[in-house]
Amino acid sequence: MAAYYPMMMDLTGRRCVVVGGGPVAERKTLGLLDGGAGELIVVAPRVTAKLEELAVSGSIALERREYMESDADGAFLLFAATDDRLLNGRVAADAARLGALVNTADAGGEGDFATPAAVRRGELVIAVTTGGASPVLAALLRRRLAGQYGPAFEASVGRLHELRLLAQTGIADAGLRSAVLRLAAEQTMREAESLPADGEANAGETIEQWMSRLRDAAERGR
Ligand SMILES: C[C@@]1(CC(=O)O)C2=NC(=C\c3[nH]c(c(CCC(=O)O)c3CC(=O)O)Cc3[nH]c(c(CC(=O)O)c3CCC(=O)O)/C=C3\N/C(=C\2)[C@@H](CCC(=O)O)[C@]3(C)CC(=O)O)/[C@H]1CCC(=O)O
Ligand SMILES: NC(=O)c1ccc[n+]([C@@H]2O[C@H](COP(=O)([O-])OP(=O)(O)OC[C@H]3O[C@@H](n4cnc5c(N)ncnc54)[C@H](O)[C@@H]3O)[C@@H](O)[C@H]2O)c1
């Protein structure tokens, strides 16, 4: 069992290849699209209706045929998600030889990385993994976190980012700036618990007004 190192990968301009076209390959493909994969190719003789739809809309390139070694050539990420154990092993071996990072959907996650269950709220990504101990537990935790930090949390994260940019230029004192940013994050966490699904925290207050209010609070707390 690997210890696993969590990281967030920028897939802009990267070639990603999914081998297989069943429900598992579909899930990996949707995750790659959410994750901004630059060039996404799915190779399989048989694919789900959703993958078919993504090919028609041009979101993925679909190669409706069996996998060939050349599919691994030039790939940055490779996903072995077929129901054929021997083939998934071959894809992993090709990836190792050709320098692609590989994920295998079977065999205890043999390969270079595992895919976590993820909640996306704008720039916030919450990713959960059990390293193969219980993928279902990862999915259940993902569902709980998605409920706890609902869709409206995206706007809250966006406001925090705007505030941070403004504070970087608008508050010269580094200690005061970090106190303001901490108060803002703490307030946002508290609000997350009471935020209506379609509501926006502090709607109506500009970022400048929010920063000034936080600044007063931080100065009082010094
Ligand atoms: C989190 C998630 C992300 C995703 O796939 O996007 C994910 N599996 C999910 C669901 C899921 N997987 C399975 C079931 C059926 C129940 C069951 O059998 O337990 C369900 C439930 C369902 O389908 O609802 C079965 C399964 N999974 C793996 C094997 C092979 C093995 O362990 O040997 C088998 C047995 C296959 C068989 O028996 O033939 C392997 C892996 N699955 C992983 C990720 C990696 C470790 C993650 C971790 O442990 O945290 C790893 C190691 C490799 C990888 O795929 O990267 C996604 C939930 C997404 C979400 O809902 O948000
Ligand atoms: N990691 C996970 O999250 C997870 C979850 C459940 C199951 N699994 C494993 O993943 C495997 C795939 O699951 P599924 O439900 O998507 O299977 P599935 O049987 O629905 O689909 C298999 C896909 O592989 C394709 N395929 C077969 N031979 C191929 C070849 N030579 N080249 C290219 N594509 C080929 C088929 O066309 C089909 O699209 C399962 O066998 C299981 O071991 C993994």
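Since this is a predicted model, take the numbers as computed values, not measurements.

**Description of the overall build of the protein chain**
Reasoning step 1: Helix and strand content of the protein chain: seven helices and seven strands.
Reasoning step 2: Counting helices and strands in the order they occur from the N terminus, the protein chain gives β-α-β-α-β-β-α-β-β-β-α-α-α-α.
Reasoning step 3: Computed over the C-alpha atoms, the radius of gyration of the protein chain is 22 Å, more than 25% above the 17 Å expected from 2.2 N^0.38 for a compact globule of 222 residues.
Reasoning step 4: For the protein chain, the C-alpha atoms occupy an extent of roughly 65 × 35 × 30 Å along the three principal directions.
Reasoning step 5: Put simply, 59% of the contacts in the protein chain that link residues at least 6 apart link residues at least 24 apart.
Reasoning step 6: Summed over all atoms, the accessible surface of the protein chain reaches about 12,800 Å², with 54% contributed by carbon and sulfur.
Reasoning step 7: Mean positive and mean negative side-chain charge positions of the protein chain (25 and 30 charges, respectively) differ by 4 Å.

**With respect to the sheet that holds strand β4 (residues 77-80)**
Reasoning step 1: The strand order β3-β2-β1-β4-β5 describes an open sheet built from five strands, whose pairing is parallel. Each edge of the sheet is formed by a strand with only one pairing partner; in this case those strands are β3 (61-63) and β5 (101-104). Adjacent strand axes in the sheet meet at a mean angle of 15°, parallel and antiparallel pairs treated alike.
Reasoning step 2: With four bridges joining them, strand β1 (residues 15-19) and β4 adopt parallel strand pairing.

**A word on the pairing of strand β7 (residues 124-128)**
Reasoning step 1: Bridging between strand β6 (residues 117-121) and β7 involves five bridges; their strand directions are antiparallel. Directly across from Ala117, in β7, lies its bridge partner Val128.
Reasoning step 2: Hairpin connection, β6 to β7: the antiparallel pair is bridged by two residues, and Gly122 has positive phi, about 65°.

**Points about the confidence of the model for the protein chain**
Reasoning step 1: Taken as a whole, the protein chain shows an average pLDDT of 94; of its residues, 95% reach a score of 70 or greater.
Reasoning step 2: Interface confidence for the predicted complex, expressed as ipTM, amounts to 0.96; the pTM equals 0.94.

**Remarks on the UniProt feature "domain: Siroheme synthase central" (unreviewed entry) in the protein chain**
Reasoning step 1: Under the feature "domain: Siroheme synthase central" (unreviewed entry), the UniProt entry names residues 121-147.
Reasoning step 2: Taken end to end, residues 121-147 is 48% helix and 22% strand, and its first and last C-alpha atoms sit 12 Å apart.

**Quick look at the side chain of Asp71**
Reasoning step 1: Tracing the chain through its elements places Asp71 in the loop between β3 and β4.
Reasoning step 2: At 2.7 Å, the side chain of Asp71 and the side chain of Arg65 are in polar contact.
Reasoning step 3: Dropping the residues within four chain positions of it, Asp71 is found in contact with Val17, Val43, Arg65, Glu66 and Leu78.

What counts and how
Residues numbered from 1 in each chain as written. Chains lettered and ligands numbered in written order. Predicted model: local features only at pLDDT ≥ 70, side-chain atom pairs only at ≥ 80, totals over all residues. Heavy atoms only, no water. Helix = DSSP H or I, 4+ residues; strand = E, 2+ residues; numbered from the N terminus. Rg over C-alpha atoms; globule rule 2.2 N^0.38 Å. Contact = heavy atoms within 4.5 Å. Areas by Shrake-Rupley, 256 points an atom, 1.4 Å probe, with all protein chains shown as cover. Lys, Arg positive; Asp, Glu negative; His and termini not counted. Charge placed at Lys NZ, Arg CZ, Asp CG, Glu CD. Pairing = 2+ DSSP bridges. Axes fitted to C-alpha atoms, helices over the stretch in contact; angles between N-to-C directions. pLDDT = per-residue confidence, 0-100. UniProt positions renumbered as here; feature names shortened; annotations may be inferred. Polar contact = N/O pair within 3.5 Å; in protein donor to acceptor, adjacent residues only side chain to side chain.

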